[in-house]
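These are the residues of each chain, in order.
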Amino acid sequence: MKFIEMLQKNLVKYLLWSLPIVFILIGTIYWLNSSSSEEDRLALDHANECYDNGDYNTAFKIWEKYAKLDSVRVMNGLGVCYAEGKGTLQSVPLAIHYYEEAANNGNAAAQYKLGKRYSLGDGVVLDMKRAIDLYDKAAKAANSTAQNALAECYHLGDGIIK
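Residues numbered from 1 in each chain as written. Predicted model: local features only at pLDDT ≥ 70, side-chain atom pairs only at ≥ 80, totals over all residues. Heavy atoms only, no water.

## Topic: the overall build of the protein chain
Next, step 1: Helix and strand counts for the protein chain come out as seven helices and zero strands.
Next, step 2: Expressed as a percentage of its 162 residues, the buried residues of the protein chain come to 34%.
Next, step 3: Counted over contacts in the protein chain with a minimum sequence separation of 6, partners at least 24 positions apart contribute 37%.
Next, step 4: Counting only carbon and sulfur atoms, one obtains 60% of the accessible surface of the protein chain, whose full area is about 10600 Å². (Helix = DSSP H or I, 4+ residues; strand = E, 2+ residues; numbered from the N terminus. Buried < 20%, exposed > 50% of the residue type's maximum accessible area, 1.4 Å probe, protein only. Contact = heavy atoms within 4.5 Å. Areas by Shrake-Rupley, 256 points an atom, 1.4 Å probe, with all protein chains shown as cover.)

And the structure:
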């Protein structure tokens with residue numbers, strides 16, 4: 001019994017001595033991660049501003065640089081550039097690829113845009129079931145354009161049993 005008591009007493013002592021070190025390590029890791037993610041966030045905000053101001057080449061270059069982050073924001077941005085041929089040559093297959101990546105990871109804008117392509121058969125095989133599924137996901141994420149598209153499908157009976 002004394003061995004267990006001694007072990008418990010020393011364990012608590014060592015844990016108390018090591019806690020500050022653990023907190024310092026956690027804080028350092030957090031600081032390193034947050035500083036780079038803050039830079040990333042600012043760069044991506046700049047890309048959005050560039051796109052909104054018509055500087056598609058700069059927006060595309062920033063998004064292309066950050067594509068390795070697997071950010072849904074980046075994937076959707078690249079999808080838009082490829083879809084519209086802004087900042088790069090138009091490529092529907094690449095647009096669909098990036099929309100798929102972003103949509104599969106919960107980006108509501110990409111879900112709507114991809115759903116629209118499926119509803120029209122634009123660059124993909126016409127698939128109203130897939131379109132409605134994507135509209136539904138985007139609508140649940142409060143994407144008003146997707147909510148309207150889904151309502152239109154219900155109203156017209158497109159892909160939905162009335």
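## Regarding the nonpolar core
Next, step 1: In this structure, Trp-63, Val-74, Leu-78, Tyr-99 and Leu-114 are the most contacted members of the largest nonpolar core, which totals 42 residues.
Next, step 2: Those elements giving two or more residues to this core turn out to be helix H1 (2-52), helix H2 (56-65), helix H3 (72-84), helix H4 (92-104), helix H5 (108-120), helix H6 (128-140) and helix H7 (144-156).
Next, step 3: With residues up to four places along the chain from it excluded, the contact list for Leu-114 reads Ile-96, Tyr-99, Glu-100, Ala-103, Arg-130 and Leu-134. (Core = buried A, V, L, I, M, F, W, Y, C linked by side-chain atoms within 4.5 Å.)

## Topic: the environment of Arg-41
Next, step 1: By the secondary structure assignment, Arg-41 is in helix H1.
Next, step 2: Of the polar contacts made by the side chain of Arg-41, one reaches the side chain of Glu-38; its length is 2.8 Å.
Next, step 3: Of note is the side chain of Arg-41, whose polar atom sits 2.7 Å from the side chain of Asp-45. (Polar contact = N/O pair within 3.5 Å; in protein donor to acceptor, adjacent residues only side chain to side chain.)

## Regarding the confidence of the model for the protein chain
Next, step 1: For the protein chain, the average pLDDT comes to 82, and 77% of its residues sit at 70 or higher.
Next, step 2: Ignoring residues within four places in sequence, the model shows residues 28-35, a span with pLDDT below 50, making zero contacts including any to other chains. (pLDDT = per-residue confidence, 0-100.)

## A closer look at H4
Next, step 1: Counted at 1.5 Å a residue, the expected span for H4 with its 13 residues is 18 Å, and the 18 Å between its end C-alpha atoms agrees.
Next, step 2: Every buried residue of H4 is accounted for by Ala-95, Ile-96, Tyr-98, Tyr-99, Glu-100, Ala-102 and Ala-103.
Next, step 3: Among the residues trailing H4, Gly-106 stands out with phi positive, at a value near 95°. (Expected span 1.5 Å × (residues − 1).)

## Notes on H6
Next, step 1: For H6, spanning 13 residues, the distance from its first C-alpha to its last is 18 Å, which sits close to the expected 18 Å at 1.5 Å a residue.
Next, step 2: N-capping of H6 is provided by Asp-127, with a side-chain oxygen placed 3.2 Å from the backbone N of Lys-129.
Next, step 3: Just past H6, the residue Ala-142 takes up positive phi, approximately 70°.

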